[in-house]
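# Commentary on secondary and tertiary structure
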Amino acid sequence: MSIELERPLPRPTPTSRPFWDGLQEGRVRLQRCDDCGAWVFYPRNRCHRCLSAALTWHDVSGAATLYTFTIARQPTSPHFAGDVPQYLAVVELAEGVRLTSTLVDVDESRIRVGMALAPVFEPVDDDLTMLRFRPA
Ligand SMILES: [Zn+2]
């Protein structure tokens, strides 16, 4: 017997909403500190470097490199039982921030730390799009 579980999904907050809205529009958006210039991810209310609250959203290309990865051959939770192997990745955007994602449209034997990646916008439903990455 197999049980279809509802997947855990991100819940946009007032602070992170611009990031998620950007993905809905096929754009990657990051916060940047108006005072010290630091790029900021995850979305937050104060700069991690100088504590300024002057953070502004900017569209970025989404160009990235693979910082590290692991291949999950066993589901990481029952929700992902149908998704193995799953290519779990920490991706470094050109702006220097890192985020956790998964690789898609990739030949497993070609996955390498440092490989160039491009964003993939994966709609989940009418209200949510996930950011994945594929080889550039
Ligand atoms: Zn700052």
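Structure's up top.
This write-up is about the structure you can find in this document.

Rules behind the numbers
- Residues numbered from 1 in each chain as written.
- Predicted model: local features only at pLDDT ≥ 70, side-chain atom pairs only at ≥ 80, totals over all residues.
- Heavy atoms only, no water.
- Core = buried A, V, L, I, M, F, W, Y, C linked by side-chain atoms within 4.5 Å.
- Buried < 20%, exposed > 50% of the residue type's maximum accessible area, 1.4 Å probe, protein only.
- Domains from an automatic or database assignment.
- Donors = N, O, S within 2.8 Å, 3.2 Å for Na, K, Ca; no water.
- Tetrahedral: all angles 85-135°; square planar, octahedral: opposite > 155°, others 65-115°.
- Helix = DSSP H or I, 4+ residues; strand = E, 2+ residues; numbered from the N terminus.
- Contact = heavy atoms within 4.5 Å.

So, about the nonpolar core. With 24 residues, the main nonpolar core has Leu-93, Leu-103, Leu-117 and Phe-133 as its most contacted residues. Composition of this core by domain shows at least three residues from each of domain 1 (15–60) and domain 2 (61–136). Core analysis: the second largest hydrophobic core is formed by five residues, Cys-33, Val-40, Cys-47 and Leu-55 among them.

This part is about the coordination of the zinc ion. Taken together, Cys-33 (SG), Cys-36 (SG), Cys-47 (SG) and Cys-50 (SG) make up the full set of protein donors to the zinc ion, lying 2.3 to 2.4 Å away. For the zinc ion, the four donor atoms in the first shell make angles of 105 to 116° at the metal, a pattern classed as tetrahedral. Along the chain, the residues donating to the zinc ion fall in the pattern C-x2-C-x10-C-x2-C. Here Cys-36, found in the loop between β1 (28–33) and β2 (39–40), pairs with Cys-47, found in the loop between β2 and β3 (55–60); they are 11 residues apart in sequence, far enough to count as distant.

This part covers the side chain of Gln-86. Looking at the element boundaries, Gln-86 is found in strand β5 (residues 86–93). Classification of Gln-86 by relative accessible area gives buried; the value is 12%. Residues within four places of Gln-86 in sequence aside, it is in contact with Thr-70, Ile-71, Ala-72, Thr-76, Phe-80 and Thr-102.

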